[in-house]
Amino acid sequence: MRDSSDMGESKVLSAVTLAGVAKFFGTFKAIEGIDLTIRQNEFFTLLGPSGCGKTTILRMLAGFETPSSGEILLDGRDISRLGPNQRPVNTVFQNYALFPHLSVAQNIGFALKMLGRPRPEIRDTVEDMLALVQLSGRGDQLVTQLSGGQQQRVALARALAPRPKVLLLDEPLSALDQKLRKTMQIELKRMQRETGITFVFVTHDQEEALTMSDRIAVLSNGALRQVGSPHEIYNHPVDRFVADFIGETNLLTGKVIRQDGDCAHVVLPGGVTIEAQCPHAVSAGSEVTLAVRPEHCTLAGPEAPLSGFIEQVVYFGTDTHFHLRLPGGAPLVLRRQNAADGRALPQQGETVGVALAPSATRVLRD
Amino acid sequence: MRKGFDTRSLPGFGIMALLCFAALYLPIAVLVVFAFNAGDSIAVMQGLSLRWFVAAAQNEQVIDASIRSLQVAVAAAGLATFVATLAAVATTRTHRYRGRDAKIMLFTVPLMVPEIVTAVALLILVSKLKVWTGYTGLGYLILSHAAFCVPFAYMPIRARLSGMDTTLEAAAADLYASRWQAFAHVTLPLLLPGIIAGFMLGFVISLDDVVITEFVKSAGQDTLPTYMLGQLRRNITPEINAISTAFLMLSIVLIVLFYLLSNRKKT
Ligand SMILES: Nc1ncnc2c1ncn2[C@@H]1O[C@H](COP(=O)(O)OP(=O)(O)O)[C@@H](O)[C@H]1O
Ligand SMILES: [Mg+2]
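Calculation rules
Residues numbered from 1 in each chain as written. Chains lettered and ligands numbered in written order. Predicted model: local features only at pLDDT ≥ 70, side-chain atom pairs only at ≥ 80, totals over all residues. Heavy atoms only, no water. Pairing = 2+ DSSP bridges. Helix = DSSP H or I, 4+ residues; strand = E, 2+ residues; numbered from the N terminus. Axes fitted to C-alpha atoms, helices over the stretch in contact; angles between N-to-C directions. Near = heavy atom within 4 Å. Polar contact = N/O pair within 3.5 Å; in protein donor to acceptor, adjacent residues only side chain to side chain. Nonpolar A, V, L, I, M, F, W, Y, C, P; charged D, E, K, R; others polar. Contact = heavy atoms within 4.5 Å. Buried area = accessible area lost by both parts, 1.4 Å probe. Salt bridge = Lys/Arg side-chain N within 4 Å of Asp/Glu carboxyl O.

> Can you explain the sheet that holds strand β17 (residues 319-325) of chain A? Please cite residues and give values.
Residues and elements named next belong to chain A. One open sheet accounts for 5 strands, arranged β15-β19-β16-β17-β18; its pairing is antiparallel. Both outer strands of the open sheet, β15 (297-300) and β18 (331-337), are each paired with one neighbouring strand and no more. Across this sheet, the average inter-strand angle for adjacent strands is 50 degrees, counted without regard to direction. Judged from the 3 bridges that link them, strand β16 (residues 307-315) and strand β19 (residues 351-356) form a sheet pairing that is antiparallel. Within β19, the residue paired with Ser-307 across the bridge is Gly-353.

Laid out in structure tokens, this is it:
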């Protein structure tokens, strides 16, 4: 539950602060005591497997659920007991929830109308929003006449029109096909930059989280595992869950021989000793888990101390994956970028030397 | 359905279907044809004429009864629809609680109570009320019809509401609508086809009601159906056919209107 990216930084402007927020459904603990600061003007992502509590957190931010304990602060004010219509936070719903009896323009202008804004202001804002989501000239159409991607844009425009302090997006791209999703990922980033509104984005897709976010919070079973930039989360996962959930990772077990500052010497089951990053203290003789990404493993000459038996070779176009078996029996995936020269690669059944980059091999906390 | 099985290939199926349709529509067709009879008989056709329509339109009693029927039907259906809408919102826009299903049942069970039972019960109540209050106007008829129509109006409204996505109302609240605004700007417009269906159902049921009207009405409060029933006991002329035919036209117009409305909203 540590917020590593906040360490050593000067105080940043916070948009939303969750202080000890917990949520029970009956006796079931959906969210346990979360402390989290979402900064102003950032693209913040809640990432975790299905059922980990992402939607519940979003619903508490929107006002559809009340925390069982703890506070939610917006610009320093406790909003956790306010209704959804009383807080400057808007939602893009997963199924869009557009009003089918209203036109595109009426949907986008809905919030301003409810707030009693004058007609000319509503008209101008709707025009601006239509331009922002690239639907200019479509204002008079019925929302039911639009494609899924266009409905998504209307849902975005509708939620952005009243200029909320925070925009909440619950897996907004999951219903779109692959190509449209890529386009919308870029579009969403652009809209966030242009409007300067804090986005809180929910997804279970780690790749989507890595490409879009300024910062990511990784959740599992209602608890916060790690908060940090995509770079920190990917390269410095704090525990086994995060390492395993974000990207592909090889997890190896070994026994610590000794520790020199941030570097631990670990002996693998096959008897080979390797070096790994270890910022936290470990005692000699303890069993630890090591994490190393497939792209940080390289093929080495036969003189390398660590060797692997090639069980399978999978060609991917840009790179090739080697599924290896290490001497102690542990599996290891190695990724090698394909060269243009078409040099002959090692084949299935061969035994090759393997090197693990010491700077990219990490000892995980349990 | 199993492939290769077609009801139309069953022997005798076509004849059965024909007989069913004949039983449904032949009497109505005969009724309509004799409305245009130039003679006095409802059994022997003596040439075509509109004289019975003219006669009905000039008959004071028919005009009186028609106006009364429409007044009662509009008022009763309106009242029933209002009550049914509130009841439907109250039973669908809430979390499940003990007794909710029982309440829903209380609204729909009267559909299965024989109408004559309701009529007798209303007769006893209304006759007492007439004595106590001294009021003998159309109000009793309107209230009685409304009470009878509530479950009919309730069904299409509730069906529409429970089929409606509640995230739309959540979205309205998220976009700064108060509860009342969310209801007025989102729930009600989307519910309108159900409300219209409920009103029309109530309207038609009130319009052709005989049993409750016979029991509840005061002297001189004939509606069109009870007036016609009274006429049948005396001499029968094609005037009855003409009135019925006009009635039929009105229901056809209503059905077509309802069909168009409900189809337009479905897209
Ligand atoms: N209204 C509710 N009543 C009971 N349990 C709920 C309710 N909403 C969510 N849950 C439970 O809380 C957990 C988290 O759900 P959710 O926040 O929807 O997860 P996610 O969005 O990450 O998939 C799940 O186990 C879910 O079953
Ligand atoms: Mg969810």
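> Quick one: what's the story with the site of ligand 1, residue by residue and with numbers?
Residues and elements named next belong to chain A. Inspection of the region around ligand 1 gives Phe-25, Phe-28, Ala-30, Pro-49, Ser-50, Gly-51, Cys-52, Gly-53, Lys-54, Thr-55 and Thr-56 as its neighbouring residues. Within the side chain of Thr-55, one N or O atom sits 2.6 Å away from an oxygen atom of ligand 1. Sorting the residues of the shell around ligand 1 by element identifies β2 (28-39) and α1 (54-62) as the ones contributing at least two each. Take the shell around ligand 1: its biggest share by element is 3 residues, from α1. Here the shell around ligand 1 is built from residues that sort into 5 nonpolar, 5 polar and 1 charged.

> Break down the interface of chain A and chain B for me, citing the residues and quoting the values.
With 26 residues of chain A at the contact, the number on the chain B side is 18 residues. For the pairing of chain A and chain B, the buried interface totals around 1,800 Å² over both sides, and the portion due to carbon and sulfur atoms is 67%. Sorting the residues of chain A by area buried against chain B places A:Asn85, A:His101 and A:Met114 first, and these three jointly supply 32% of that buried surface. In this structure, the connection of chain A to chain B is made through 0 salt bridges. Across the chain A-chain B interface, the total number found is 7 residue pairs in polar contact (both at pLDDT 80 or more). Those elements that provide at least two residues to the side of chain A that touches chain B are β6 (89-92), α2 (104-114) and α4 (148-160) of chain A. Examining the composition of the side of chain A that touches chain B, we find that 4 residues originate from one element, α2(A), more than from any other.

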